[in-house]
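Topology and contacts: notes
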Amino acid sequence: MKRIAIILIAAIISLSGTMLANAITVDDCFKEFSTARNAQLVNVNSFLMWIAKKCAGNDANAEIMKKIDSVRVLDLEDCSADVKNQFTKKMSNVSLDGMDDLVNVNEDGNKVRILAKMKDDKISKLLVMCYGSGDCCLVEINGKFAINDLDGVVKSQMPKHNDR
C-alpha cells in the first residue's frame, strides 16, 4: 500500500512539474512572435522612457506618461493567417499569474483582454491582448499609475474617435 502511495505521489509531482514547465508566459509570446515574418516589435525601455519624459509637455497625456516605466508592443497585423492562428492559441493558454481582468470582450471571433497587475492600489503592469480572426497584438505597459489615470487618457482620446 505504501508503495502504491509513493508511486502515485511521484507521478503527481512529475506531472505538475511538466505542466509548470510548459506554461506559456507573456515574455515567451513576445520572444516567439517578434521573429515571425512581418511582425513588428516596439520596445520602449526605461532609458527611452526617461528621455521621452524629459521632452513631454504638461497636458494630461504627458502626466500619465511620467508614470510609465516601459512599453512593449507586438503587432502581427501584417503576418500570415497561420502566425495569427498560432498566436491566438498561445494567447488562449498564456499564464497570467497575478493579473486581474479589467476588460474582457469577445465579439465576432475577436477577443480583447485588458489585464492589470496591482501593487499598493496602483497598476504596476497593464497588459492588452488582442487576438482571434482579426488583427493580433500584444501590449505591455509597466509603471505605477492608478485606474483613474486610464480614465483620463480614454476621455482625452474619445473626441478623436467620435466617427466610429
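The structure reproduced in this document is the subject of the present report. (Residues numbered from 1 in each chain as written. Predicted model: local features only at pLDDT ≥ 70, side-chain atom pairs only at ≥ 80, totals over all residues. Heavy atoms only, no water.)

**Focus on the overall build of the protein chain**
Regarding its fold elements, the protein chain presents six helices and six strands. Ordered by position from N to C terminus, the α and β elements of the protein chain give α-α-β-α-α-β-α-β-β-β-β-α. Across the 164 residues of the protein chain, 30% fall into the buried class. The contacts of the protein chain with a sequence gap of at least 6 include a subset with a gap of at least 24, amounting to 55%. Taken as a whole, the protein chain presents about 11000 Å² of accessible surface, with 56% of it coming from carbon and sulfur. (Helix = DSSP H or I, 4+ residues; strand = E, 2+ residues; numbered from the N terminus. Buried < 20%, exposed > 50% of the residue type's maximum accessible area, 1.4 Å probe, protein only. Contact = heavy atoms within 4.5 Å. Areas by Shrake-Rupley, 256 points an atom, 1.4 Å probe, with all protein chains shown as cover.)

**Considerations on the nonpolar core**
If you look at the biggest cluster of nonpolar residues, it comprises 22 residues, and the most contacted ones within it are F87, M129 and L138. For this core, the elements supplying multiple residues, two or more each, are α2 (26-34), α5 (81-93) and β5 (122-132). Among the elements that take part in this core, α2 stands out by supplying four residues, more than any other. By size, the runner-up hydrophobic cluster in this structure holds 12 residues, among which are V71, A116, I123 and F145. (Core = buried A, V, L, I, M, F, W, Y, C linked by side-chain atoms within 4.5 Å.)

**Overview of the pattern of salt bridges**
When their charged atoms lie close together, side chains carrying opposite charge are able to pair. Counted by the stated rule, this structure contains six salt bridges. Note that D27 and R72 form a salt bridge whose closest N and O atoms lie 2.4 Å from each other. Here D27, found in helix α2, pairs with R72, found in strand β2 (residues 68-75); they are 45 residues apart in sequence, far enough to count as distant. Take R72: its relative accessible area is 18%, and that puts it in the buried class. Among the ionic pairs, D69 bridges to K53, the shortest N-O distance being 4.0 Å. (Salt bridge = Lys/Arg side-chain N within 4 Å of Asp/Glu carboxyl O.)

**What to know about the pairing of β2**
Here strand β1 (residues 40-44) runs beside β2; their pairing, made up of five bridges, is antiparallel. Residue V44 lies in a different strand from β2, and its bridge partner there is V71. Looking at chain direction, β2 and strand β6 (residues 137-145) are connected through seven bridges and run antiparallel. Bridge pairing links I68 to G143 in β6. (Pairing = 2+ DSSP bridges.)

**A look at the environment of G98**
Checked against the element boundaries, G98 lands in the loop between α5 and β3 (100-107). C-alpha separation for the pair G98 and M118, spaced 20 residues apart in sequence, amounts to 8.3 Å.

**Topic: unusual backbone geometry**
With the exception of glycine, the majority of residues adopt a negative phi angle, and the majority of peptide bonds are in the trans configuration. Phi at D108 is positive, roughly 50 degrees, even though this residue is not glycine. Relative to the helices and strands, D108 is located in the loop between β3 and β4 (110-119). By relative accessible area, which is 68% here, D108 ends up exposed. In this structure, D121 is a non-glycine residue whose phi angle is positive, near 60 degrees. Within the fold, D121 resides in the loop between β4 and β5. By relative accessible area, D121 is classed as exposed at 72%.

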